[in-house]
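A closer look at the structure
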Amino acid sequence: MNPFLNFDRRFQPPLPPRRLYAQVEKIEPLPATQQFSVRLDGVDANWFDQPLNQSLGDGDFFARAPLAAVELELVEPDAAGILGIAWDDILEGGAGPWLTIELLPPTHGYPAIIYTNVFSPEGSSTAVRTPLAQPPARRSTQLRRRFSLRAPKASLHAIRHALGGATASSDGLVVYDIGQGNCNAAVNSAGQPLLYFDFGSPYNSQMHTWSGLRQFCLCQQPAIVLSHWDLDHFASANIDTRALSRPWIVPRQRLGPTHRAFAQQLKNNNCLLVWPKRSSPGAFGPITILECGGTTINDSGLAVIAEGKDRSGNTHQALLPGDARYTAVPGYNTHTFLSLVSPHHGAQMRSSWTPHCPGLTQSRLVHSFGRGNSFRHPRDITRQRHQASGWNDPRINPPRHPSRVRETADRNGGYGHVFIPWDSATAIPPVNCCGNGSLTPTQT
Ligand SMILES: [Zn+2]
Ligand SMILES: [Zn+2]
């Protein structure tokens, strides 16, 4: 396993490299500061420059490559001058050029934090020489080749086979409290996941929000659908590493070095199923997988619509959008959703539209986040927009009406897992098989 992704090395991370080849991984606004947190994902440049390392096969290369991430806090007007890339290009989430990052002693350049393990709560203070330069064209080509995912698209037959038991009916959904991140499942009457949607974990600067959940239930041999390539949606598989041997249905997107190394773990286990680009959703019994129509990493991955029946035989649907805004989900306004998980942990989205609450007793809007996250998710504007669509939120309005909103950060006895049943009379299933009770939902 690559040391950068190895949970057991979080308190003994490798020494930071002196020079990195990196790409912009993500940008998040930091509330009330005018600042943005920019994360660059990279590989030790001196190591990559060695011909011997370049000649390694993918298995060895991705097990050994010294990966690292650099985080900077920038204000928009300075960003282009520091990163050497136009701000609009960054925000659009296009391919983005490879950059060379030269690390300097703190105070000798633009201040930054470097991490050499994804699960380390604290990185090392450093500084970077600005503006960042781009490596020679030949090197950029080598980097692009090595880190792009060359995997054939999976057939719908293979995906149906991988979904296996998930095509049976479920009792409801569970939104697991993993901290700042996303991990949802359709569960049977014993609370066992039949299918996971995302398997995330907080990482680095958000690690303080981690719930401590280390063991998941894989008793029903569930597949995992990945919404998009972001650590807070897949990193728990490097905490409970048995999940690396389950089939993963993933979107084809631009991958950074960390994501590519994660994908290699699945490739090594023959568990990587790349969603075929299609115009129509893939329906697999009660599970529909949809490819989102946006351009950014968040908006161009996979969403799931799960279906289930209440005891009167009425069919209900719930939407799991990952970090995609609702309007990026194909057919978003042609369904009535009994329940929702809010996109992007309740971040402010670029679209104000939200689905309407049908107002049934069991209707729920769940925010999946960790208390104390730096992005102040879920944002007040997100709560207000959902409130206006009938998802009554006691944190916005005095509780005159029954609350429809649940939050994974509301922990009770350690965890805040939320059960969303299809029928209002279905009680929370105690999970007896795995985790010594840590997987039993604590709210409904
Ligand atoms: Zn189990
Ligand atoms: Zn996310």
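Residues numbered from 1 in each chain as written. Chains lettered and ligands numbered in written order. Predicted model: local features only at pLDDT ≥ 70, side-chain atom pairs only at ≥ 80, totals over all residues. Heavy atoms only, no water.

Some details on the packing of aromatic side chains
Considering all chains together, one arrives at 21 aromatic pairs under this definition. Geometrically, the ring pair formed by Tyr 21 and Phe 48 is edge-to-face, given 6.0 Å between the ring centres and 85° between the ring planes. In this pair, Tyr 21 sits in strand S1 (residues 19-30) while Phe 48 sits in helix H1 (residues 45-49), placing the two residues 27 residues apart along the sequence. Relative accessible area serves as the criterion here: at 3%, Tyr 21 is assigned to the buried category. A connected cluster of aromatic rings, assembled from ring pairs, spans Tyr 176, Tyr 196, Phe 199, Phe 216, Trp 229, Phe 234, Trp 248 and Phe 262. Of note, Arg 10 hangs over the ring of Phe 7, and the distance from its end group to the ring centre comes to 3.8 Å. When the ring centre of Phe 61 is taken as reference, the NZ or CZ atom of Arg 146 above it lies at 4.0 Å. (Phe/Tyr/Trp six-rings, centres within 6.5 Å; stacked < 30°, edge-to-face > 60°. Helix = DSSP H or I, 4+ residues; strand = E, 2+ residues; numbered from the N terminus. Buried < 20%, exposed > 50% of the residue type's maximum accessible area, 1.4 Å probe, protein only. Lys NZ or Arg CZ within 6 Å of the ring centre and 35° of its normal.)

Remarks on the domain arrangement of the protein
The domain architecture assigned to the protein consists of domain 1 (3-146) and domain 2 (156-437). Centre-to-centre, using C-alpha coordinates, domain 1 lies 29 Å away from domain 2. Every contact between the two is made by 34 residues of domain 1 and, on the other side, 35 residues of domain 2. A buried area of about 2,800 Å², summed over both sides, lies between domain 1 and domain 2, and 54% of it is on carbon and sulfur atoms. Linking domain 1 to domain 2 there are two salt bridges. (Domains from an automatic or database assignment. Contact = heavy atoms within 4.5 Å. Buried area = accessible area lost by both parts, 1.4 Å probe. Salt bridge = Lys/Arg side-chain N within 4 Å of Asp/Glu carboxyl O.)

Some words on the coordination of the zinc ion (ligand 2)
Within the protein, the atoms that donate to the zinc ion (ligand 2) are Asp 232 (OD), His 233 (NE2), Asp 323 (OD) and His 345 (NE2), at distances of 2.1 to 2.3 Å. Take His 233: its relative accessible area is 0%, and that puts it in the buried class. (Donors = N, O, S within 2.8 Å, 3.2 Å for Na, K, Ca; no water.)

Focus: the environment of Thr 295
As for its placement among the helices and strands, Thr 295 is situated in the loop between strand S14 (287-291) and strand S15 (302-309). On the accessibility criterion, Thr 295 (53% relative accessible area) is exposed. Sequence-wise, Thr 295 and Ala 328 are 33 residues apart; in three dimensions their C-alpha atoms are separated by 9.1 Å.

A few points about the pattern of salt bridges
If you walk through the whole model with that rule in mind, you get 21 salt bridges. Between Arg 411 and Asp 177 there is a salt bridge, and its shortest N-O distance comes to 2.7 Å. With a gap of 234 residues between them, Arg 411 in the loop between strand S19 (405-407) and strand S20 (418-421) and Asp 177 in the loop between strand S7 (172-175) and strand S8 (184-187) connect regions that are remote in the sequence. Ionic pairing is found between Asp 393 and Arg 383, a salt bridge with its closest N-O pair at 3.0 Å. With Asp 393 in the loop between helix H10 (380-388) and S19 and Arg 383 in helix H10, this pair connects stretches of sequence that are ten residues apart. You'll find Asp 393 and Arg 383 in the same group, each marked buried.

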